[in-house]
Amino acid sequence: MPRNVRDVVFVDGVRTPFGKAGGMYAETRADDLVIRCIRELIRRHPELPPERIDEVAIAATTQIGDQGLTIGRTAALLAGLPKTVPGYAIDRMCAGAMTAVTTVASGIAFGAYDVALAGGVEHMGRHPMGEGVDPNPRIIAEKLVDPSALIMGATAENLHDRLPGITKQRADAFALASQQKVAKAYAEGKLQPDLVTMATRSVEQGWGVATSDEAPRDTSLEKLAGLKTPFRPHGRVTAGNAAGLNDGATCSIVAAEEVAAELGLPAAMRLVSYGFAGVEPEVMGVGPIPSTEKALRLAGLSIDDIGLFELNEAFAVQVLAFLDHFGVADDDPRVNQWGGAIALGHPLASSGVRLMTQLARQFAEHPEVRYGLTAMCIGIGMGGSVIWENPAWEGNK
């Protein structure tokens with residue numbers, strides 16, 4: 001029986017402040033981070049009856065301990081949602097939250113859901129990437145991938161090898177710009193609307209509250225130039241031009257556009273298309289290039305139609321490879337207007353919704369922009385890209 005595909009909108013998104021791994025959230029449970037985000041979304045949107053939520057999809061890369069046990073379901077229960085609301089866990093490493101959104105969006109478009117929550121959490125202080133994993137020895141023994149493919153920093157060094165035009169100096173300059181843009185965004189109050197305060201506790205300092213990201217720092221090209229290259233002697237990837245190890249959570253409301261209108265929910269962005277693509281795991285940073293080409297092709301658009309970019313800064317070289325491929329300048333004002341993961345942090349599975357939430361807020365400020373892109377590289381050789389339309393686009397008036 002034929003079905004009509006429905007338009008899907010991103011209603012709103014929030015996140016905890018991102019902490020350094022083992023930092024301000026050292027004594028905080030991973031599930032409590034995402035529970036806080038769910039509760040805040042419900043508080044911000046009293047027009048959404050909790051019983052109308054049809055699904056809760058929460059991503060985590062390391063699904064163990066306090067971020068295991070089908071965390072979408074357990075977090076929903078702990079957040080006080082009705083027991084009739086189902087949930088599940090999802091994993092696509094760095095693109096976990098992005099995949100949570102695209103997956104529930106597909107269900108909404110098909111008609112299986114009307115409204116869903118989608119997000120992600122990663123507590124890298126409690127659960128380092130790779131904890132408890134057991135890679136099949138055939139992966140290396142049969143030379144399916146180079147051993148460096150399992151070390152994300154090594155894949156970034158490999159990408160530098162393939163693209164000698166992306167020097168360490170250029171990567172450091174991009175990293176410094178990210179720090180500066182984040183500092184400016186905080187000073188202008190751009191990032192604070194995304195954040196939910198989070199209670200913290202430590203043995204030394206007792207109870208506290210997290211109100212801003214822990215990772216941003218004051219730096220310079222001279223300081224960045226002097227940092228060690230941990231993945232290779234005389235390499236180019238440092239702690240300064242890469243995202244750190246972080247703790248944090250995100251969550252968003254995604255709905256059918258017609259249902260959002262019925263309930264009085266705002267439509268911050270309209271989903272246009274999305275694409276995921278695989279690449280050589282040894283250079284996983286190029287993943288967003290084919291995934292963006294796929295999303296553009298599905299949407300019938302070109303890169304010139306994209307007025308705002310939110311690109312996850314796992315490594316500076318990875319973003320620069322994307323920009324070079326599409327002919328976009330390093331300092332193009334359309335790219336990461338409020339900085340990115342090099343400064344803010346990258347709690348793996350949560351970051352996709354951070355990109356979307358920031359793009360949604362930028363759309364509201366830029367009615368001249370019709371289309372925006374959220375994109376990220378993904379461990380083990382993948383990329384993910386989502387194209388969004390701005391409902392506030394002045395061309396609609």
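Per an unreviewed UniProt entry, the recorded name for the chain is acetyl-CoA C-acyltransferase, and the organism is Actinocatenispora sera.

Centre-to-centre distance and the angle between the planes together describe a pair of aromatic rings. Within this structure, the stated rule accounts for four aromatic pairs. Residues Y274 and F276 carry aromatic rings whose centres are separated by 6.1 Å and whose planes lie at 65 degrees to one another, so their mutual orientation is edge-to-face. For Y274, a relative accessible area of 30% translates into the label partly exposed. The class of F276 is buried, set by a relative accessible area of 16%. Among the aromatic residues, ring-to-ring pairing joins F309, F322 and F326 into one connected group.

With eight of eight residues buried, strand β1 (residues 8-15) lies mostly within the body of the structure. Note that β1 and strand β8 (residues 246-256) share seven bridges and pair antiparallel. Paired with V8 across the two strands is A256, which belongs to β8. Looking at chain direction, β1 and strand β9 (residues 269-278) are connected through two bridges and run antiparallel. Bridging across to β9, F10 finds its partner in M269.

Now for helix α3 (residues 96-110). Look at α3: 21 Å from first C-alpha to last across 15 residues, which is about the 21 Å you get at 1.5 Å a residue. For α3, the tally of buried residues reaches twelve of 15 residues, placing the bulk of the element in the interior. Taken residue by residue, α3 has G96, A97, M98, T99, A100, V101, T102, V104, A105, G107, I108 and A109 as its buried positions. Remark: G111 follows α3 within two positions and exhibits a positive phi of approximately 105 degrees.

With that settled, the discussion passes to the environment of H346. With respect to the helices and strands, the residue H346 is situated in the loop between α11 (341-344) and α12 (351-365). Judged by its relative accessible area of 5%, H346 falls in the buried class. The sequence separation of H346 and A243 amounts to 103 residues, and the corresponding C-alpha distance is 5.8 Å. Residues in contact with H346, not counting those within four places in the same chain, are C94, M124, A243, G244, N246, N312, A314, A341, S351 and M376. Polar contacts involving the side chain of H346 include one to the side chain of N312, which spans 3.4 Å.

Turning our attention to the packing of helix α6 (residues 168-187) against helix α10 (residues 316-326). Between α6 and α10, the shortest axis-to-axis distance is 9 Å and the interhelical angle comes to 100 degrees. In terms of orientation, α6 and α10 fall into the roughly perpendicular class. For the pair α6 and α10, the contacting residues are R170, A171 and F174 in the first and A316, V319, L320, L323 and D324 in the second. Its residues assigned to classes, the contact of α6 with α10 shows six nonpolar, no polar and two charged.

We now examine the layout of surface pockets. Quantified by volume, the largest pocket comes out at close to 760 Å³. As for the largest pocket, its lining consists of 33 residues, and the residues nearest its centre are M93, M129, G130, L150 and M152. Considered class by class, the residues forming the lining of the largest pocket number 24 nonpolar, seven polar and two charged.

Another aspect to go through is the nonpolar core. Grouped together as the largest cluster of nonpolar side chains are 77 residues, with contacts concentrated most on V56, V121 and W388. Counting residues per element, this core draws most heavily on α3, which supplies eight residues. Ignoring sequence-local partners within four residues, the contact set of V121 consists of A30, L33, V34, I58, A59, A60, Q67, I71, G248, A249, A349 and S350.

We now examine a nonpolar patch on the surface. On the surface, a nonpolar cluster with roughly 410 Å² of combined accessible area is contributed by I140, L150, I151, F231 and I380. Mapping I151 onto the fold places it in the loop between α4 (138-141) and α5 (152-162). Using a relative accessible area of 44% as the deciding quantity, one classes I151 as partly exposed.

What follows deals with the UniProt feature "active site" (unreviewed entry) in the chain. Per the UniProt record, "active site" (unreviewed entry) is found at C94, H346 and C377. In three dimensions, the annotated residues from a span of 284 residues occupy one location, with a maximal C-alpha spread of 11.8 Å. Here, the largest pocket is lined by C94 and H346 out of the annotated residues. In this fold, C94 is placed in the loop between β4 (87-90) and α3. According to the relative accessible area criterion, C94 is buried, its value standing at 6%. Filtering out sequence-adjacent residues up to four positions away, C94 remains in contact with T61, H346, L348, A349, M376, C377, I378 and G379. As for its placement among the helices and strands, C377 is situated in strand β11 (residues 371-378).

Now for unusual backbone geometry. At L69, a residue that is not glycine, the phi angle is positive and equals roughly 55 degrees. Mapped onto the fold, L69 is located in the loop between β3 (55-59) and α2 (71-78). You will see that N336, though not glycine, has its phi angle at about 45 degrees, which is positive. As for its position among the elements, N336 is in the loop between α10 and α11.

Time to look at the pattern of salt bridges. A full pass over the atoms with the stated rule returns 26 salt bridges. Taking the shortest distance from any N to any O, the salt bridge between R361 and D12 comes out at 3.6 Å. Taken together, the residues span a long stretch of sequence, with R361 in helix α12 and D12 in strand β1 at a distance of 349 residues. Residue classification places R361 among the partly exposed positions, given a relative accessible area of 22%.

Parameters and conventions
- Residues numbered from 1 in each chain as written.
- Predicted model: local features only at pLDDT ≥ 70, side-chain atom pairs only at ≥ 80, totals over all residues.
- Heavy atoms only, no water.
- Phe/Tyr/Trp six-rings, centres within 6.5 Å; stacked < 30°, edge-to-face > 60°.
- Buried < 20%, exposed > 50% of the residue type's maximum accessible area, 1.4 Å probe, protein only.
- Helix = DSSP H or I, 4+ residues; strand = E, 2+ residues; numbered from the N terminus.
- Pairing = 2+ DSSP bridges.
- Expected span 1.5 Å × (residues − 1).
- Contact = heavy atoms within 4.5 Å.
- Polar contact = N/O pair within 3.5 Å; in protein donor to acceptor, adjacent residues only side chain to side chain.
- Axes fitted to C-alpha atoms, helices over the stretch in contact; angles between N-to-C directions.
- Parallel < 35°, antiparallel > 145°, perpendicular 65-115°, else oblique.
- Nonpolar A, V, L, I, M, F, W, Y, C, P; charged D, E, K, R; others polar.
- 1 Å grid on protein atoms, 1.4 Å probe; cavity = no way out; pocket = protein on both sides within 12 Å on 5 of 7 lines; lining within 4 Å.
- Points joined across faces, edges and corners; volume = space filled by probe spheres on them.
- Core = buried A, V, L, I, M, F, W, Y, C linked by side-chain atoms within 4.5 Å.
- Patch = residues over 30% accessible without salt bridge, like charges linked within 9 Å, V, L, I, M, F, W, Y side chains within 5 Å.
- Areas by Shrake-Rupley, 256 points an atom, 1.4 Å probe, with all protein chains shown as cover.
- Salt bridge = Lys/Arg side-chain N within 4 Å of Asp/Glu carboxyl O.
- UniProt positions renumbered as here; feature names shortened; annotations may be inferred.

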